[in-house]
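Residues per chain, in single letters:
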Amino acid sequence: MECVYINVGGTLFQTKLSILHKYPDTLLGSLTNLSEFYNKENGQFYFDRNPELFNTVLDYYRNDVIHLPTHLCGWLWKSELEFWRISLAHISECCFQTYVKYDEKEATAAKLRETFATSSFENSQVLTPLNRIRHRVWLFIDEPDSSIYARVFSIIFLVTVVVSAIIPCLQTHPDVRIQRFNETTIDQYILLNPDRWVDPDNHKEVLLLSTYEPSWLYNLNLFTIAFFTLESIVRFVSCPSKRREPDTFPNMLDGLWWAVVTMTTVGYGDMYPKGPLGRVVGAACAMIGILVIAMPIAVIAGNFDDLHKTNYDRECYNRVQEEKNQLIQPLPKSTK
């Protein structure tokens with residue numbers, strides 16, 4: 001019964017060589033005296049790795065399964081298992097979620113970095129004087145932290161948005177509008193213009209007919225329209241990357257699927273509107289779904305999300321186990 005001594009980061013471990021040879025495809029299972037990790041002076045195998053993690057690695061050879069401590073990062077275990085040449089298929093089902101969570105978070109972080117990364121002209125455009133100007137203009141309108149002027153512009157833009165939201169309210173407020181007709185002249189106007197039907201009992205129709213908005217409010221509304229139009233044109237011209245997004249809904253059934261998912265507040269994210277009008281429709285569907293569906297079934301939605309995640313983890317685990325079974329499946333014997 002030959003024993004082997006393994007020095008991992010200054011900590012000495014002792015185990016049986018027969019246990020390591022159970023898995024000859026791994027790094028420990030393929031160790032010999034001719035290995036580059038073998039020290040002939042003290043008869044030990046030395047690895048410059050974390051000794052705290054090696055206990056879990058050594059337990060794999062003893063118990064034929066890997067149990068991952070949950071207090072350590074999934075990336076750390078991924079790199080460690082890759083170094084020891086241990087397949088992910090040997091991770092136990094109860095601990096496989098630790099690795100799956102890391103994989104999901106890594107994919108989400110990569111997607112967020114790609115989404116919110118600032119496009120660079122140095123990478124996407126040839127550095128010409130015109131492109132340098134476009135780059136400065138883009139930073140001015142899209143990156144408030146790029147300069148003091150950009151920060152001032154962002155404040156002006158925010159104020160303009162607020163003003164544009166207040167203008168429709170002021171346009172229908174009776175204290176702001178200027179009187180055009182009184183009650184007597186309104187009746188005469190209706191009689192003289194029968195083609196313009198007005199309901200005298202409708203306060204809004206009477207208000208819009210008997211009053212008109214002041215010139216300053218009209219000019220202010222015209223200014224906000226011109227401001228947003230000019231900003232959109234400048235933003236489009238200076239944008240570093242222009243690409244046409246594909247149609248989100250290729251057919252009616254996919255659009256119906258999106259509507260159902262949105263109104264039930266599940267929101268898988270596989271389809272979503274990109275245009276302004278589509279976002280308005282999406283927001284309306286979401287609000288209707290909250291008022292009509294989501295409130296009475298909040299508990300059901302929470303349980304569904306938990307089951308969905310658990311099922312996803314189990315599918316990942318089963319897929320890895322299938323790959324493992326394919327690797328260890330014996331080759332058919334040849335007939336002479």
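Before going into details, it helps to say that this report is about the structure given with it. Every value quoted in this text rests on a predicted model; they were computed, and no experiment measured them. (Residues numbered from 1 in each chain as written. Predicted model: local features only at pLDDT ≥ 70, side-chain atom pairs only at ≥ 80, totals over all residues. Heavy atoms only, no water.)

### A few points about the overall build of the protein
Here is the rule: Here a strand is any run of E in DSSP of at least two residues, a helix any run of H or I of at least four, and the numbering for each starts at the N terminus. In this scheme, a residue with accessible area under 20% of its type's maximum is buried, one over 50% is exposed, and one in between is partly exposed, where area comes from a 1.4 Å probe on protein chains only. Contact between two residues is taken to exist if any of their heavy atoms lie within 4.5 Å; hydrogens are not considered. For accessible areas, the Shrake-Rupley method is used with a probe of radius 1.4 Å. Any residue's cover is judged against the shown protein chains and nothing else.
Scanning the protein from terminus to terminus reveals 13 helices and six strands. A burial count over the protein gives 26% of its 336 residues as buried. In the protein, the proportion of contacts linking residues at least 24 apart, taken out of those at least 6 apart, comes to 62%. When the accessible surface of the protein is totalled, it reaches about 23800 Å², and 60% of it is carbon and sulfur.

### Comments concerning empty space enclosed by the protein
We apply this condition: Using a grid of 1 Å spacing that covers the protein atoms alone, one calls a set of points a cavity when a 1.4 Å probe fits there but cannot get out, and a pocket when the set is open and has protein on both sides within 12 Å along at least five of seven lines; lining residues are those with an atom within 4 Å of a point. Grid points are joined across faces, edges and corners, and a volume is the space filled by probe spheres set on the points. In this classification, the charged set is Asp, Glu, Lys and Arg, the nonpolar set is Ala, Val, Leu, Ile, Met, Phe, Trp, Tyr, Cys and Pro, and all remaining amino acids, among them Gly, are polar.
The final tally for this structure, using the stated rule, is one cavity of 30 Å³ or more. Roughly 30 Å³ of volume is contained in the largest cavity. In this structure, the largest cavity is lined by Leu68, Gly74, Trp77, Lys78, Leu81, Leu88, Ile91, Thr98 and Tyr99. Elements represented by at least two residues in the lining of the largest cavity include exactly helix H3 (74-83) and helix H4 (96-116). No other element matches H3, which puts four residues into the lining of the largest cavity. Residue classes in the lining of the largest cavity are distributed as six nonpolar, two polar and one charged.

### A look at the nonpolar core
Under the convention used in this document: Remark: nonpolar core denotes a set of buried residues (Ala, Val, Leu, Ile, Met, Phe, Trp, Tyr, Cys) joined through side-chain atoms within 4.5 Å.
Residues Ile6, Leu28, Phe47, Phe54, Tyr61, Trp84 and Ile86 are the most contacted members of the largest nonpolar core, which totals 33 residues. Elements that contribute at least two residues to this core include exactly strand E1 (3-8), helix H1 (17-20), strand E4 (44-47), helix H2 (51-63), H3, H4 and helix H13 (298-328). The element best represented in this core is H2, accounting for six residues. Leaving out residues up to four positions away in the same chain, phenylalanine 47 has contacts with Ile6, Asn7, Val8, Gly9, Leu27, Leu28, Leu31, Phe37, Phe83 and Trp84.

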